[in-house]
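# Report on the structure
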Amino acid sequence: MTSDAIGTSVTEEAVASLRATADPRLRELLAGLIGHLHDFVRETRLTQEEWARAVAFLTATGQKCTDTRQEFILLSDVLGLSMLVETVNGDRVQGATESTVLGPFHMTESPVRELGDDINLVGGGEPCVVSGRVLSADGTPLPGAVLDVWQADDQGFYDVQQPDAQPAGNGRGLFTADAEGRFWFRTCVPAPYPIPTDGPVGDLLRATGRHPYRPAHIHFIVGAEGHTPVTTHIFVAGSDYLDSDAVFAVKQSLVQDFATTDDPTLAAEFGVPNPFRHARFDLVLEPNA
């Protein structure tokens, strides 16, 4: 019997069992999932032992999830699935800011902050100002646009990873752009960091000889009335791992220069020591259809 023929009746019966599913999209998704999973088993001749290990791995992945850690998102990220889902849903008008993965650390609500506030609550690292505008695709400023921001510190840790060392909300902020669509805030230059490797995803990376590192970046979710929100990163130009991001999320358009700026007047205006690092860029949203 050929591998294509093995167990086809089981596959057909499993798909047929969905016929009473009221939601047509759910029926389509489950039928496709069943078909691809069954084909995978046939093509690889999956053994009972391998199947049991896979079940144990997925069980451990679920058990590792907490209110502040999402191991399944991490798994999706390192398999490239998160980036693939983003890519197939990421068609945007020319000039709009490209999207990328959410990541596993958007697990807590960002505190509301005023423009110019410092989200680096613990100090340390290179002082940095992030500024720019939120625009529509035609260049029109979007006053009142909301920017949800989160980042790792200068050692590569998020607040939820170090609850005893970082106050809740460190590296996070919810900002509202001004009447001209402008935003600015103070922080430190984030560091590259390894994704968590103390769980099943780390075991997978070690088994496949992969490194766990991500290049330095700041996360954004940006929204404005009448426009499609964008979930994106800004990557620090020159960072390590830009060409080998563990979650495949780097897009060249999202790499920005965090330039060293020697300008005492501007430093005083922003409330940072001189010299400082300054990242300037615009975030461009696509109007709703």
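For every chain, the first residue of the written sequence is number 1, and numbering continues from 1 along that sequence. The predicted nature of this model means local features are confined to residues of pLDDT at least 70 and side-chain atom pairs, given and counted, to a pLDDT of 80 or more, with totals for whole chains, interfaces and linings taken over all residues. Hydrogens and water are ignored here; the side-chain numbers use all heavy atoms of the structure.

## Points about the environment of Gly156
Stated precisely, the cut-off is as follows: Each helix is a run of H or I in the DSSP string that is no shorter than four residues. Each strand is a run of E no shorter than two, and both are numbered from the N terminus. Any two residues whose heavy atoms approach within 4.5 Å at even a single point are treated as in contact.
Within the secondary structure layout, Gly156 lies in the loop between strand 2 (146-151) and strand 3 (172-176). In this view, Gly156 contacts Gln161, Ala191, Pro192 and Tyr193; residues no more than four positions away in its chain are not counted.

## Description of helix 4 (residues 71-78)
The condition that has to hold: Think of it in three bands: residues with accessible area under 20% of the maximum for their type are buried, residues over 50% are exposed, and the middle band is partly exposed, with areas taken using a 1.4 Å probe on protein chains only.
Counting buried residues along helix 4, six of its eight residues qualify, which places the element largely inside the surrounding structure. Of the residues making up helix 4, those classed as buried are Glu71, Leu74, Leu75, Ser76, Asp77 and Val78. Among the structural elements, helix 3 (48-64), helix 5 (81-88) and helix 6 (200-207) are those in contact with the buried residues of helix 4. Gly80 lies just past helix 4 and shows a positive phi near 80°.

## A closer look at helix 2 (residues 24-44)
Worth spelling out the cut-off: Helix span is expected to be 1.5 Å times the residue number reduced by one. When we speak of the arc, we mean the arc of directions from the helix axis to the C-beta atoms. Polar contact criterion, stated in full: a pair of N or O atoms within 3.5 Å, where within protein one must be able to donate a hydrogen and the other to accept it, and residues adjacent in sequence count only if both atoms are side-chain atoms.
Across its 21 residues, helix 2 extends 30 Å between first and last C-alpha, which sits within 8% of the 30 Å expected from 1.5 Å per residue. Of the positions making up helix 2, those classed as buried are Ile34, Gly35 and Arg42. Along the axis of helix 2, the buried positions cluster into a sector of 95°, meaning they face one direction only. Those residues of helix 2 that are exposed and aimed more than 90 degrees away from the buried face are His36 and Glu43. Packed against the buried residues of helix 2 are helix 1 (8-16). Between the side-chain oxygen of the N-cap and the backbone nitrogen of Arg25 there are 2.9 Å, and the N-cap of helix 2 in question is Asp23. Two residues or fewer after helix 2 comes Arg45, characterised by a positive phi angle close to 50°.

## Looking at the pattern of salt bridges
Condition: The salt bridge definition used is simple: a Lys or Arg side-chain nitrogen within 4 Å of an Asp or Glu carboxyl oxygen.
Counted by the stated rule, this structure contains 13 salt bridges. Residues Asp198 and Arg69 are paired through a salt bridge, measuring 2.6 Å at the closest nitrogen-oxygen approach. Placement of the pair is Asp198 in the loop between strand 5 (193-194) and helix 6 and Arg69 in the loop between helix 3 and helix 4, with a sequence separation of 129 residues. Here Asp282 ties to Arg133 by a salt bridge, and the two come within 2.8 Å at their closest N and O atoms. With Asp282 in strand 12 (residues 276-287) and Arg133 in strand 1 (residues 127-136), this residue pair connects regions lying 149 residues apart in the sequence. Residue classification places Asp282 among the partly exposed residues on the basis of a relative accessible area of 32%. Exposure remark for Arg133: the relative accessible area of 35% places this residue in the partly exposed category. Among the charged side chains, a salt-bridge network with shared partners connects Lys64, Arg69, Glu71 and Asp198.

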